[in-house]
Structures are given as C-alpha cells and as structure tokens.
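# Coordinates in review
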Amino acid sequence: MRWRDQWYFAAEALVRQRFRSTMLLLVTVLGVTAVVVLTALGEGARRYVINEFAFLGHDVLVTLPGKKETTGGLPPVMGTAARDLTLDDAYYLRQRLPEVYDVAPIVVGSAPVSYRERSREVLVLGTVPGFFEVRRLSLALGRNLPSGDWRRAQPAVVIGEKLQKELFANDNPIGKSVRVADSHFRVVGVLEGKGDAMGMDLSDGIILPVASAQQLFNQNGLFRLLIRLRPGVDNERAAQKIRDFIKERHQGEEDVTVVSPDAMLAVFDDVLVVMTLGVAAIAAVSLLVAGVLVMNVTWINVSQRTAEIGLLKALGAPAAVVRRLFLTEAVLVAMVGTGIGVLVGFALVGVLRELFPSVPFFPPLWAVAMAVLLAMACGVSFALMPVARAARKPPIEALRNQ
Amino acid sequence: MMRPLDIWHWVWRTVLSGRRRSFLTALGIAVGIAAVALLTSVGEGLRVYMMESFSQFGTRLIAVTPGKVTTQGMAGMLHSTRPLRLEEAASLGRLPGMEAVVPVVSGTARVEFGKRGRDVEIFGVGPQAAEAWRFKVAIGRFLPADDLVSARAYAVLGHKLRQELFGNTNPLGQRIRVGGARFVVVGVMESKGQFLGFDLDDTVFIPSSRALQLFNREGLMEVDLVFSENTTSEQAARRIRQHLIALHGREDFTLFTQEDMLASLDRILRIVTMAVAGLGGISLLVGGVGVLTIMTTALQERMAEIGLLRALGTTRRQLLQLFLWEAVVLAGLGGLAGIATVVLGVAALGLLMPALPLKLAPGYLLAAWLLSAAVGLAAGIYPAWKASRTEPINALRAE
C-alpha cells in the first residue's frame, strides 16, 4: 500500500472515531504539557538562583574566619572563631598579594539608630567604599563612605531608603547627625534599593566605615572578607595563596576558610538540577498512564473493527499491512498530541513569564526532548500488542463474527 | 426499584466480564493513585523527620536572642550594642516557673589532644544543656553545676570528635586544648546526628563563660529557657520579657517559642506535601480521562444489553445509577491496587533502606482511595448519562 494511502486511511479512521481520538489527544497533551511546564518552573528557579549568585562575579572570593573539618555541613558561616580575622590582615593582604585587586572587609550587627525623638533598631553593616562596587550597589542621594585608610574609624554613615523615610520623613537627611547606640554619625548618603547584602535587607539599615562598626560593637574581628581578584587569575591558586598568607600572619595556624561563590553555586546547581529531574519524572508518569489508555482504546478499536480487518485481509492485504495501518493511527495521534502539548506547554510558560517577569522560566531542551520521545514511545508501543493480535486473526473468523 | 444487592451483582458481573478492558482501566487509576500515595508518603516522611528534628529539643523551650533584627534562622550572627550577658541569663533561669537555662555561644576552633587536632564547631553552653536539649551522655557526665560565670574548665566531647581524637581509648580525665586553652574531659555524648547543618557529633561542649573568653565576646548568641509543666508558654514569655526589659531599659531582644517555630515549619511542610501530591494528581487526572474514555467507548458494544434492560422496564435513573456504580467500583479497585502497591513498596524500602524519609499516613491513603472513587464517579457521569439516554428501540435494532 502506498504511504499516502496509509496516512489517509489512518486519518480517516481517526476522524471517524472523534470521541476516542479526542480523548487520546487530550491525555497526550496533558502529559506533555505537564512535563514542559513543570520543568520550566524548575529551570526558572535554578536560573534565578544562579543569577543571584553570579552577580557577585566570578572573580570574587569570600574569606570566613574559622575552619571546620566536619564534612557534610555548612562552612563556618557564623563568623565566630577563636582567632579574629583583622582589618590589618585585610589591609596587608591587599597590599602584598598581586592577585588581589581590592578587598571589602565586612562586620554585621544590629543597633538602635535615632534622629531627634525617632528611634529604630536596624541592621548595621560595617564595610569600605569598595563594597558598593563589588555588590553593584548605588546611591539614591549623596555620596559613598569617605575613602582613605579604612583602618581608621570615621563618623560618617550611609542610610537605607526605608530608614530614611522612618527617621526623616520628607526632610533631606544629608549632613544631619544621627545617633547610633551612643555615638554620633553624619549622614553622607542614602542607599538605593534593598542592597541585598547576602539576603539581608539594607534599606532598613545603615552602612558604617568598618573600623567605626568595630568600635561600636567592641569587636576586633571581621565577619567576612570579600576579595576581588585581578582578571585572569585562577581562583583555586589565589585561594591557596590567601590561605597561606593569613596562615603566616596567624603564627602558622590555618584558621580561615576561603570560598569561591562559583564552587558554592556548583553545589546548589546540582541540587536544583536533581529536583527538576525529579519533577520531570513525576510528570512523565502521566505519559505512562496515557500509554495504558492507548493500549486499552486500541484493543477496543481492534475488536470493534474486526469486520473491517477481515475485509481488508480478504481483499489481499497481508498481516504486515494491517499492522502498519493501525500503527499509523497510533503514530498520528501521538504526533499530533505531542505537537499540541509542546505548543500549549510553551504558551503556558509564556504566560508565567508575563506574570513573573523577574524569573527566567524556560523549559530545558532535555526535558522537552524527553517529553516528546516518551509521548511518542508510549503512544506507539502500547498499541503494538493489540494491533499484532488484530493482524493475526484469520479473515474468515473476522468476517464470520460480523 | 432495584434492590442494592442486584445492583451490586450487576456491577460485578460487568466488571468481571470485560476482564482485559476492566484491568487496563483500573490500571490507569492504579498508577495515578500510586503516584499520589507515594508522593504524599514522601512528603509526610519529610515532615515527620523535620518535626522530630526540631522537637528533639523539647517543647517547653523559649529562645531569647539579642537584637530585634532577625536574620533568616541564624540567631546570634549579628553583633549587638546591648548584648545578653551571662549574668542576665543566670537571673532569667531563676525566674518563677523556669526549670532550666542554657546560655549559648558557638564558633569554630581547633581542638587538640597530644599530637592530634581537629577544627570543629564548638558550643559554649551551661550544665543544664543536656537536660534541656534532651542529649544523652554516653560516658562520664555532662558539665558540672558550677556557677555560670565562674565555671571550671571542663569539656564534654561529641561522639565523632571523641573518636577522631581518642579512637577507642578512654578520654575521661584527659587534658585537651580548645582554641589554645586547656580543658579536662568529663564526658562523651551519645550520637545525635546533624541539625540544620550543624554536626552535633563532631563538636565539643564547654562552659559559656570560657567560650566567651575564647571568642572574645561580651554577649551570648542565644539563651534557651525551659519552663515547667504548670507554666504556660504565654506566662513564661511574659515573665522573660518583663525581666529583660527591666534589665535593659527597652525591648532590644527577640523571643522565639518552640510552638512558633514548629507551627510555621509544619505549615510550610504541609504545603509542600500538597504541592507534591498535586504533581501526582496529573497522573490521576489522566487515569480519570481513561475511565471516561473506556466506558464511553465500550457503550457501543453494550447497546444490546442497555436496550434489553430498558425494554424490561429499567428507568433512566436506574440505568444512570448502574453505570455510575460501575465506574466507581472500577476506579475504587484501581485505587486499592495502587495503594496496596505503595504500602508494600514502602514497607519493603523501609526494611532495605530505613534512612529514607518515607512515611505512610493512613489519613492521606484513605483520602487517596476516596479520591479514586470520586474520580471514577466524575468520569462515569458522561457515559452513564449517554447510556441512560439511549432509546430502547434504537439499541435493540442495532443488534
């Protein structure tokens, strides 16, 4: 039988059995759409997280005070260690190591900030003017912290937008004096936006020169040290040099941890990919159920069209042709269903992107390919058995049953 | 009016007669329900695991942290201008209704014994920590009940740290160095596992006063208080708040009750379980469409049967009932099979890999079975309606 005739025969049969074909299409579309949309959700989450990490830049290392040999847990994120990571450590690191382009020491805490009679307890970040560049922060008003030797305390402060509203309402805060705990500071600038200092909201906070923050909290140590490397420097080698440098300054004790955000990101990435895979697998189970339905419907089809089969065979069609005819029906349904499923899936993903423009939803290629392959495979292979049975029936039996 | 028993017989006969068809239809529902049952088991397992992890510290616990600015989860990470002092913690422990007080300071340091050394997280706590946090001592004892501020330099090793530094030898009475300072080992804890990323076995417990010196701090990171059985959580919280405000002059601290923490965790995990079950629901939906399709498609074959029934006087309503029941029974059987598979599977996995967080929740399973029946009911409406609308004469004539 010519190819074209086969396709016409199959298409005609499908149109004739509108209800069945529609239902089969429906389940295929459901399964494929589910896989596409759900993996798009997972991938969107993954890309969002990567972007958040990536904007720190590939050339930034984070040094944490303390070291843990414990496997499987977090690195020493609390920032408390037996031996302090000091401002001098940071200063000489910047001076002596050629791989280091700039450093941003960080101290964090909370303190009450008051202006006239209004007072509020807020997040306090002690750092250097270079921090703004490293974290891509910008100022809504005024200037950055004063430059110069950041080992010296200075009574200047940059406040967040939310704090500005709370303390100053509509007045201009620049140049005014605020009290932070028991000390006076002059407002030199207002931070734009949230600042996003490692998940903490800086708009309801203040930024002080790091040495002033240390005085405020009566602390000699740093919470973190961000290190910006020169372009082209290998992260791992630089990390080792930093460790060695600080070890020498700390009397031969290696008591810091140097983390590359890239490495941390790789760990997160793995977790998220596995999650997306898991979600895809669960959605794909629905395609298997669709396959079961295909088998069921094909059995019924075949038993109800026995006369048709008998006639075909009596007219000389060999078993192989009968098989091919019925299989073509299955292939056709699977193809159309998969096609529509993919289109509907992408359409829904488009809607999601409209609703949440900040998250880059996109179904990963491997997921779409998997959905298509699985849908086609289930749609065809589950029809094989009943079709083979049909083709084997002797024509006389088929005709007699009618 | 058909007797219920007759309806029952009729439904069963129909289901059994088209065996392959019934099997495949029920299979679709079975897989869908199995997906839902398995996923809710996973979700429930995770929930129980997390809740147990949290409640291992006891439920009559209130945590006080310095400052009003809360960071996501990690208390005491921020320095404070109004620190919580050890003396204040001691006075909190003496409030009416308080059974135990645990001042907490933690950080990393090197712990050494002879030539062996290890960098670990260490915890500065009080003598009541083991009791308050429900830790068991394996050898020796926990820290002695010294005065919090002037406690002696004793240390209690975690299970793993003991092995790393001492192997199988007895560590009691030995001198170790923590961050350069000397301590005497008085006990070893039983294995406790991980909690929120902190390994509670690869650590050492020393008095908070010594830890404050070690880390050069004035203030504690957290103060945990356990209140007695005849005090309510509100009463305890109120007393703590009033006392600290009197000491500090303002409310520059934050209170967390165990209930707050557990409740919000529970809420989050229940939502996750439902979302996950929803995923399985997609398969169930496909199964439902399967029931709908097969029953409708099979109608053509059963025209004669329907026509006969109608000719014999069966009303439309009774016909509707019969077909609906058939759909419900088919789906219910499939649901039962799916649930049984999951129950067996989870039991088997529980024997092979007990560490997996899988927990069968009878509530969810029952709901899943009822859901299968509901899906059957919904799917059966259209074919049942179509069947009931057949004119007997048309049906009989087609044969």
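Everything quoted here is computed from the prediction, not taken from an experiment.

Across its full length, chain B holds twelve helices and 13 strands. Relative to the compact-globule value of 21 Å for 399 residues, chain B shows a C-alpha radius of gyration of 32 Å, a clear excess of over 25%. Taken over the C-alpha atoms alone, chain B extends approximately 100 × 50 × 35 Å along its principal axes. Each of the 399 residues in chain B was classed as buried or not, and the buried ones make up 53%.

Turning to the overall build of chain A, a few remarks are in order. Helix and strand counts for chain A come out as twelve helices and ten strands. In terms of overall size, chain A is more extended than a compact globule, its C-alpha atoms giving a radius of gyration of 34 Å where 402 residues would be expected to give roughly 21 Å. Seen through its principal axes, chain A has C-alpha atoms that stretch 105 × 55 × 30 Å. Within chain A, the fraction of its 402 residues that count as buried is 53%. Summed over its atoms, the accessible surface of chain A is roughly 18,300 Å², and 58% of this surface lies on carbon and sulfur atoms. In chain A, the 43 positive side-chain charges and the 37 negative ones have mean positions that sit 9 Å from each other.

Turning next to a nonpolar patch on the surface. Residues and elements named next belong to chain A. On the surface, a cluster of nonpolar side chains totalling about 630 Å² of accessible area is made up of W3, W7, M335, V336, I340, V344 and L348. Elements represented by at least two residues in the nonpolar patch include exactly α1 (3-16) and α10 (319-355). Examined against the element boundaries, W3 turns out to sit in helix α1. Look at W3 and you get exposed, because its relative accessible area is 60%.

All names here are of chain B. Its location among the elements puts D201 in the loop between β10 (198-199) and β11 (203-207). Despite its burial, D201 pairs with no opposite charge, the nearest such side chain being K160 at 8.5 Å. Excluding its chain neighbours within four sequence positions, the residues that come into contact with D201 are G158, H159, K160, L161, E190, S191, K192 and G193.

Time to look at helix α6 (residues 210-217) of chain A. Residues and elements named next belong to chain A. Counting buried positions over the eight residues of α6 gives seven, a clear majority of the element. Residues V210, A211, S212, A213, Q214, L216 and F217 constitute the buried set of α6. At the C-terminal side of α6, N218 shows a positive phi close to 55 degrees.

Residues and elements named next belong to chain A. Positive phi values are uncommon outside glycine, yet R116 reaches one of about 55 degrees. Among the secondary structure elements, R116 is positioned in the loop between β2 (100-115) and β3 (118-127). Note on R116: relative accessible area 65%, which makes it exposed. In this structure, A181 is a non-glycine residue whose phi angle is positive, near 55 degrees. Examined against the element boundaries, A181 turns out to sit in the loop between β6 (177-180) and β7 (183-191). A181 gets classed as buried once you look at its relative accessible area, which sits at 15%.

Evaluation of the coordinates by the stated rule reveals 37 salt bridges over all chains. Residue A:D102 is joined to A:R94 by a salt bridge in which the shortest nitrogen-to-oxygen separation is 2.9 Å. A salt bridge links B:R60 to B:E99, with the shortest nitrogen-to-oxygen separation between them at 3.3 Å. Of this pair, B:R60 sits in the loop between α2 (19-55) and β1 (61-66) while B:E99 sits in strand β3 (residues 98-113), placing them 39 residues apart in sequence. Among the residues examined, B:R60 registers a relative accessible area of 24% and is labelled partly exposed. A relative accessible area of 39% means that B:E99 is categorised as partly exposed. Residues joined in a network through salt bridges with shared partners are A:K67, A:E69, B:R110, B:E112, B:R118, B:D119, B:K160, B:E164, B:R177 and B:D202.

Residues and elements named next belong to chain B. Mapped onto the secondary structure, A331 falls in helix α10 (residues 316-352). Classification of A331 by relative accessible area gives buried; the value is 0%. Between the C-alpha atom of A331 and that of R94, which follows or precedes it by 237 residues, the distance is 63 Å. If we ignore the near neighbours within four places in the chain, the residues touching A331 are I29, S372 and G376.

Time to look at the packing of aromatic side chains. Both the distance between ring centres and the angle between the ring planes are used here to describe each pair of aromatic rings. Taken as a whole and judged by the stated rule, the model has 14 aromatic pairs over all chains. Ring centres 6.0 Å apart and planes at 65 degrees place the aromatic pair B:F135 and B:F205 in the edge-to-face group. Residue B:F135 is located in the loop between α4 (129-132) and β5 (137-140), and its partner B:F205 is located in strand β11; the two are separated by 70 residues in the primary sequence. We note A:R151 situated over the ring of A:Y91; from NZ or CZ to the ring centre the distance is 3.5 Å. A:R224 extends its terminal NZ or CZ atom over the ring of A:F223, reaching a point 4.1 Å from the ring centre.

Turning our attention to the nonpolar core. Core analysis: the biggest nonpolar cluster contains 70 residues, and A:V178 and A:I206 have the highest contact counts within it. Among the elements that make up this core, the one with the highest residue count is β2(A) (nine residues). For A:V178, the contacting residues outside a window of four places in its chain are A:V113, A:S114, A:Y115, A:V157, A:F168, A:S183, A:H184, A:F185 and A:V187. Grouped together as the second largest cluster of nonpolar side chains are 58 residues, A:V292, A:A383, B:L319 and B:A387 included.

In this section: the interface of chain A and chain B. Of the residues lining the interface, 60 residues belong to chain A; the matching set on chain B comes to 63 residues. By the criterion of area lost to chain B, the three top residues of chain A are A:E69, A:M78 and A:T80, representing 13% of everything that side buries. Put simply, chain A and chain B have four salt bridges between them. Its salt-bridge partner being B:R110, residue A:E69 comes within 3.6 Å of it at the nearest N-O pair. Where chain A meets chain B, there are twelve residue pairs in polar contact (both at pLDDT 80 or more). Elements represented by at least two residues in the side of chain A that touches chain B include exactly α2 (18-54), β2, β3, α6 and α8 (261-304) of chain A.

Parameters and conventions
- Residues numbered from 1 in each chain as written.
- Chains lettered and ligands numbered in written order.
- Predicted model: local features only at pLDDT ≥ 70, side-chain atom pairs only at ≥ 80, totals over all residues.
- Heavy atoms only, no water.
- Helix = DSSP H or I, 4+ residues; strand = E, 2+ residues; numbered from the N terminus.
- Rg over C-alpha atoms; globule rule 2.2 N^0.38 Å.
- Buried < 20%, exposed > 50% of the residue type's maximum accessible area, 1.4 Å probe, protein only.
- Areas by Shrake-Rupley, 256 points an atom, 1.4 Å probe, with all protein chains shown as cover.
- Lys, Arg positive; Asp, Glu negative; His and termini not counted.
- Charge placed at Lys NZ, Arg CZ, Asp CG, Glu CD.
- Patch = residues over 30% accessible without salt bridge, like charges linked within 9 Å, V, L, I, M, F, W, Y side chains within 5 Å.
- Salt bridge = Lys/Arg side-chain N within 4 Å of Asp/Glu carboxyl O.
- Contact = heavy atoms within 4.5 Å.
- Phe/Tyr/Trp six-rings, centres within 6.5 Å; stacked < 30°, edge-to-face > 60°.
- Lys NZ or Arg CZ within 6 Å of the ring centre and 35° of its normal.
- Core = buried A, V, L, I, M, F, W, Y, C linked by side-chain atoms within 4.5 Å.
- Buried area = accessible area lost by both parts, 1.4 Å probe.
- Polar contact = N/O pair within 3.5 Å; in protein donor to acceptor, adjacent residues only side chain to side chain.

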